[in-house]
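Here's the letter readout for the chains.
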Amino acid sequence: MADLRFATLSEGYAVVSNSAVEDFRSSLYGESLSPGDDGYDGVRRIWNAMVDKRPALIARCSGTADVINSVNFARENDLLISVRGGGHNFPGNSVCNDGLMIDLSMMTGVRVDAAAQTVRAQGGAKWGAFDHETQAFGLAAPGGTDPDTGIGGLTLGGGIGWLSGSYGLSCDNVISADVVTADGQALTASADENADLLWAIKGGGGNFGVVTSFEYQLYPVGPQVLAGWLFYPYSRAREFFALVNEFTANMPDEVNLVTFLTTLPDGRGKACSILLCYQGPIDEGERVIQPLREFGPPLSDSVRPMTYTDAQSLALAPSGRRNYLKSHFMREISVDALEITLDYFDRATSPLSSVLFQYLGNAARRVSPDETAFGHRGALCEWAANGVFMDPGESEVHIRWVRDFAAELLPFSSGPYLNQVGTEEEEGVEAIQAAFGDNFQRLAALKQKYDPTNLFSHNQNIRLRV
């Protein structure tokens, strides 16, 4: 095998000798892949087809020891690294060009302690597997809205989901974590050990190390929840949002929802829709959502009792499509913001594209902004425009629609959602800093402590500048 050429942290390139690469490969209990190897393309490809990057080497880690060896190899050779958990991130930060990709997708173990109502899950697990294990005991933790999403990426950036009204964000329910830091140490982050690191990973993204496992608090959920879709005529969009504003102003903790502007599944035109989940007594849930059913009536109503794992699959987004997304948090959906939204959605450039308002949830908003690194507790919801299409030749027109749309709504923003922020080259340093809000300076100090050379930089990066 020839020497390998890697991208470096200093934004140049370096050649690593064949012998050094082979020593690293042999140190892994898992496998390693380079371009041309069987399986390489399958691992480097992720959910969003917009992302087409080619690492120089992929380390498929089997456990913490492999992660430590990978981090040490990268640090000693000044290599650019990316860390893949579930691979569901819109910007595609889990894959890098010409660097070392540390792949956790083989580390998927989930172990429930039913008596303590806690769970330990490895960093490569996805929420589908996580929920499958926890629901065997009638338990769950807040975990997004799509079973294909990795627990790591969602949690490190915050993690909004169906249970956030009752139990907060995913990051709010992390009790402890195992983290491999830039110096190759495997640290425990908990209330008793490295508490500042625990605080930082609760919304600070992948800036502080590779999280090889998370311990979460669990809660009784199910055996059934009330969940499903409600679709309404697009012609009544303004009335629809007035209804939603009234409903969310008084909704109980047990319910959370996402509203959409979308094209009907049968392609017969645009529609407004609500995707919701109520976890609690089914009869009470039916009473709570009755005002939503009385408006219209709905074009379509699929809300019914179902398992929590089925509810988690209602928003499953197909892989292989090209997704380009921009997002802001909002403290309210004002009349002016709504008019801009409707104007742009009238001119959507793809029938697959959509606009959503994902609500933070009552419990998530009650947490103090400085209690975790995720500080956007005053937000009502996340607004996002997602340009979805299949033909790469159409990229320019769909990307322009999303960018112009987001720029028009920027005055109504209370800050970006870290999980949706793109690269520094595209977004700019200011946008990434804004995603951390008032917690940025504290996070920067912890970045200096745990990763002073910015080894973990292929992310929504807290870049230390002199």
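Quick notes on the rules
Residue indices begin from 1 for each chain and proceed along its sequence in written order. Local features are withheld for residues below a pLDDT of 70 in this predicted model, meaning they are given only at 70 or higher, and side-chain atom pairs are given and counted only at 80 or more; totals for whole chains, interfaces and linings count all residues. Water and hydrogen atoms were dropped before computing side-chain values, which therefore reflect all heavy atoms in the structure. Numbering of helices and strands runs from the N terminus, with a helix taken as a DSSP run of H or I at least four residues long and a strand as a DSSP run of E at least two residues long. Using C-alpha atoms as the atom set, the radius of gyration is obtained and then compared with a globule rule of 2.2 Å times the number of residues to the power 0.38. Contacts between residues were defined by any pair of non-hydrogen atoms, one from each residue, lying within 4.5 Å. Accessibility throughout is a Shrake-Rupley quantity obtained with a 1.4 Å probe, and a residue counts as covered only by protein chains that appear here. In this charge count, Lys and Arg are treated as positive and Asp and Glu as negative; neither His nor the chain ends contribute. A charge is said to be at NZ when it belongs to Lys, at CZ for Arg, at CG for Asp and at CD for Glu. Whether two strands pair comes down to DSSP finding at least two bridges between them. Axis definition: a line fit to C-alpha positions, over the contact stretch in the case of helices; interaxial angles, taken between N-to-C directions, run 0 to 180 degrees. Each salt bridge in this description consists of a side-chain nitrogen of Lys or Arg and a carboxyl oxygen of Asp or Glu lying within 4 Å of one another. Three labels apply to residues, based on accessible area from a 1.4 Å probe with only protein chains included: buried if under 20% of the type maximum, exposed if over 50%, partly exposed otherwise in between.

### Some details on the overall build of the protein chain
Logical step 1: Scanning the protein chain from terminus to terminus reveals 16 helices and 21 strands.
Logical step 2: Here the C-alpha atoms of the protein chain give a radius of gyration of 22 Å, agreeing with the 23 Å that 2.2 N^0.38 yields for 466 residues.
Logical step 3: Along the first, second and third principal axes, the C-alpha set of the protein chain runs to 70 × 55 × 45 Å.
Logical step 4: Expressed as a percentage of contacts within the protein chain between residues at least 6 apart in sequence, the contacts between residues at least 24 apart total 73%.
Logical step 5: Accessible area of the protein chain: about 18100 Å², with a carbon and sulfur share of 48%.
Logical step 6: Averaging the locations of the 35 positively and 57 negatively charged side chains of the protein chain gives two centres separated by 2 Å.

### A word on unusual backbone geometry
Logical step 1: Proline 223 follows glycine 222 through a cis peptide bond whose omega is 15°.
Logical step 2: Structurally, the position occupied by proline 223 is in the loop between strand S13 (219-220) and strand S14 (225-233).
Logical step 3: One non-glycine residue, asparagine 454, lies in positive phi territory at about 60°.
Logical step 4: Position of asparagine 454 relative to the elements: it lies in the segment after helix H16 (440-450).

### Some details on the sheet that holds strand S8 (residues 118-122)
Logical step 1: Judged by pairing direction, the sheet is antiparallel, and its 5 strands sit side by side in the order S7-S8-S12-S10-S11 without closing on themselves. With partners counted over all chains shown, the strands left at the sheet margins are strand S7 (110-113) and strand S11 (186-189), one partner each. Neighbour-to-neighbour, the strand axes of this sheet turn through a mean angle of 15°, independent of strand direction.
Logical step 2: Pairing of S7 with S8, which is carried by 4 bridges, proceeds in the antiparallel orientation. Within S8, the position partnered with valine 112 by the bridge is valine 119.

### Structural notes on the environment of serine 94
Logical step 1: If you trace the backbone, serine 94 turns up in the loop between strand S5 (81-84) and strand S6 (100-103).
Logical step 2: A sequence separation of 36 residues divides serine 94 from phenylalanine 130, and the C-alpha atoms of the two residues are 20 Å apart.
Logical step 3: In contact with serine 94, other than residues within four places in its own chain, are Ile46, Ser82, Val83, Arg84, Gly87 and Met101.

### Things to note about the pattern of salt bridges
Opposite charge on two side chains permits them to pair, given that their charged atoms come into close proximity.
Logical step 1: If you walk through the whole model with that rule in mind, you get 22 salt bridges.
Logical step 2: Measuring nitrogen to oxygen at the nearest pair gives 3.7 Å for the salt bridge that ties arginine 54 to aspartate 41. Placement of the pair is arginine 54 in the loop between helix H2 (40-44) and strand S4 (57-60) and aspartate 41 in helix H2, with a sequence separation of 13 residues.
Logical step 3: Judged by its relative accessible area of 38%, arginine 54 falls in the partly exposed class.
Logical step 4: One salt bridge in this structure joins aspartate 148 and lysine 126, with 2.8 Å as the shortest N-O distance. Placement of aspartate 148 in the loop between strand S9 (139-140) and helix H5 (151-157) and of lysine 126 in the loop between S8 and helix H4 (127-135) is noted, with a sequence separation of 22 residues between them.
Logical step 5: Residue lysine 126 is classed as partly exposed on the basis of its relative accessible area, which comes to 29%.
Logical step 6: One continuous salt-bridge network, built from bridges that share partners, spans Asp41, Arg44, Asp52 and Arg54.

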